[in-house]
Every structure is written in structure tokens, then in C-alpha cells.
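# A structural walkthrough
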Amino acid sequence: MESAGATLLYQQSVRLRKLRYIPYIGDGDSKAYTAICEAQPYGLAVFIPKEECIAHVTKRMGTGLRKLLADYKGKMLSGGKGLGGTRRLTHNRMDTIQNVYGRAIRDNKGNAKEMAKATHAILKHYSSTLEEPKHNDCPSGPTSWCSFQRDRANGTNCHKPIKNPLPDAVVEVLQPLFNRLGDETFLVGCENCYTQNRNECLHHVIWGMAAKEMFSSPREISLAISTRASAPPTQIFSLLLALRYNQKCLKLGKILI
Ligand SMILES: [Zn+2]
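These numbers come from a predicted model, not from an experiment.

A few words now on the overall build of the chain. Secondary structure summary: the chain contains 11 helices and two strands in total. Listing each helix as α and each strand as β along the chain from the N terminus yields α-β-α-β-α-α-α-α-α-α-α-α-α. Put simply, the chain has 257 residues, and 21% of those count as buried. If you take every contact in the chain between residues at least 6 apart in sequence, the share linking residues at least 24 apart comes to 60%.

Below, the structure is given as C-alpha cells:
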């Protein structure tokens, strides 16, 4: 359904908006992009390049880590311990890794090679021990997220060894995920650091007025979209209440719109 909708938007863009939607900014689901390319909405001669939404790519790191944790639940790694738990892959550590991965992309806008290097540095950083520090690939400079590199740039001595560094057995499980999301070829699609944030914000408000979880008539959806585009916030709130009341009535079999 999403593919059909996206294709229709592309097919109408020149006629209705007098513009071409180039590049295509994807959210990781390649079906819509494939469908658009097959439809050739701008003719054979116009190639539609694909870029990745970096917010979705960043989320993919968190999702990948959580999936690994679920997949390895109850399984023992070499050393006789599991993937998760104290001093292993914790929820806090996963959140931190996801955030730092997002920074690795944003801080290296326009340079996929550096993005890849910064991504692989994350795993090395969090597996560093006092005996074996691995901070050489961490981003340098006084604003680096790595305190070792900040010390080096500022001439300070604030760095403390990583608390609960990831053991080798955990690193071994995480490495394929980092290889995939830290692959330079993949990160080329993130070089421009595009996001779908504006669309997501708009959708959030529209679905707030015409909830996806319950039936909304085409008129309700159309009203929600046009109201969001033109009405001041106070009117939006009143209309939001009215629409929700209507949706309740619809459930009871009364049609007010
Ligand atoms: Zn480091």
C-alpha cells in the first residue's frame, strides 16, 4: 500500500506540483523505492537516486542491538555468560551506542569513509580496557565524545577507563551488525544527512486528528490535512476534539461528517 501511494505521488508530482521528487529519501524499506523506479515517473532518462533518512538509519542500530539481545536470550557465549546482563550488553549501553552512531554519521556529513571509521571506532571504544586501550580511531578534537581524545586535544587528564568494557565474546556477536551499518558503501546513502523529520512531525499531527487506529472517512482525513496546513494551534485543538467526537459517533453508527 505504501509502495502504491509513493508511486502515485511521484507520478503526479510534475503535473500537480511542477517538480520532481529527487532524491528519494528512504526509511529502510526498499519496496517503495523499487516500485517507483519500475514506474519510471519522470521517463527513462531521469534516474532517481536513493538517500537514506539518517534518523531511521540511526534507529536501525538500536533495533539491531535489541534484536541480537532477544536472539541470544538464554544462549551462552564463549566464557559461559550470555550476551546481556551486568557488565555485558545493557539497555543503557545500547542507547548510548545508538546515539554515538547517529553522531558518527552527522559529524562526518559528506564523507562516508570517515562515517565508516567513526562507526567502527564505537565498538573499539567500548571494548577498551586499561591494559588495551583502543581509542586511536575515536573522533579527535576538543569536542569528541571520547574522553581519551578530548584529553589528547585539550592537554587534560579527565579520561577514566571504560566502565564495564564489552568482553571479546560480546564484541564478536556485535561485529557483523557494525560491519553492516558501518559499511562505507551503505553510508554513501547517508552522506547528505537527509531526514524525514519534517514529514514525521506533520504525520504525527495529522494522525493525532484522524487516528490511524480507527476508521476515518476520506473527508475527515482531508480536513485533518488541510487544517494542519492552515489553522492556528487553538483552532487545531478545537477541531481535534470535534474530529475525535465524530470518530466516537462513527463507532456508534452515527455519521456527522
Ligand atoms: Zn575512545
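Anyway, onward from the coordinates.
A word on the nonpolar core. One finds Ile97, Tyr101, Ala104, Ile105, Met115, Ile122 and Cys190 to be the most contacted residues of the largest nonpolar core, which totals 30 residues. Breaking this core down by element, the ones donating at least two residues are helix H3 (54-71), helix H4 (91-106), helix H5 (112-126) and helix H7 (168-181). Per element, the largest residue contribution to this core is seven residues, and it comes from H5. Setting aside chain neighbours within four positions, we find methionine 115 in contact with Ala104, Ile105, Asn108, Leu187 and Cys190.

Pairs of packed helices are described in terms of their axes, by the angle between the two and the distance that separates them. Between H3 and H4, the least distance of the axes is 9 Å, while the angle of their chain directions is 150°. By the angle class used here, H3 and H4 are roughly antiparallel. The element H3 and its partner H4 pack so that their crossing is right-handed. For the pair H3 and H4, contact is made by Ile54, Val57, Thr58, Met61, Gly62, Leu65 and Arg66 and by Met94, Ile97, Gln98, Tyr101, Gly102, Ile105 and Arg106, respectively. Looking at side-chain class alone, the contact of H3 with H4 contains eight nonpolar, four polar and two charged residues.

This part covers unusual backbone geometry. In this structure, the amide linkage connecting isoleucine 22 to the following residue, proline 23, adopts the cis form with an omega of 0°. Secondary-structure assignment places proline 23 in the loop between helix H1 (2-17) and strand E1 (24-26). With phi around 55°, cysteine 193 is a residue other than glycine that occupies positive phi space. For cysteine 193, a count of 17 C-beta atoms within 10 Å gives the class partly exposed.

The next point concerns the packing of H1 against helix H2 (residues 30-39). Direction vectors running N to C along H1 and H2 enclose 40°, while the axes themselves pass 8 Å from each other. Between H1 and H2, the interaxial angle falls into the category oblique. Once H1 is placed against H2, the crossing between them reads as right-handed. The residues of H2 that touch H1, namely those facing Glu2, Ser3, Ala6, Thr7, Tyr10 and Gln11, are Lys31, Ala32, Ala35, Ile36 and Ala39.

Now for the environment of leucine 83. Positionally, leucine 83 belongs in the loop between H3 and H4. Judged by C-beta crowding, with 21 C-beta atoms within 10 Å, leucine 83 ranks as buried. Leucine 83 sits 91 residues away from leucine 174 along the chain, and the two C-alpha atoms are 9.5 Å apart. Excluding residues within four positions of it along the chain, leucine 83 makes contact with Leu68, Leu69, Tyr72, Leu77, Arg88, Leu89, Val170 and Val173.

What follows is about the environment of alanine 153. As for its placement among the helices and strands, alanine 153 is situated in helix H6 (residues 147-154). The class for alanine 153 is partly exposed, based on 13 C-beta atoms found within 10 Å. Residues alanine 153 and threonine 143 lie 10 residues apart in sequence; the distance between their C-alpha atoms is 8.8 Å. Excluding its chain neighbours within four sequence positions, the residues that come into contact with alanine 153 are Ser140, Gly141, Pro142 and Ser144.

Rules of the game
- Residues numbered from 1 in each chain as written.
- Predicted model: local features only at pLDDT ≥ 70, side-chain atom pairs only at ≥ 80, totals over all residues.
- Helix = DSSP H or I, 4+ residues; strand = E, 2+ residues; numbered from the N terminus.
- Buried ≥ 20, exposed ≤ 12 C-beta atoms within 10 Å, placed from the backbone.
- Contact = placed C-beta atoms within 7 Å.
- Core = buried A, V, L, I, M, F, W, Y, C linked by C-beta atoms within 7 Å.
- Axes fitted to C-alpha atoms, helices over the stretch in contact; angles between N-to-C directions.
- Parallel < 35°, antiparallel > 145°, perpendicular 65-115°, else oblique.
- Left-handed = near helix turned anticlockwise from the far one by under 90°.
- Nonpolar A, V, L, I, M, F, W, Y, C, P; charged D, E, K, R; others polar.

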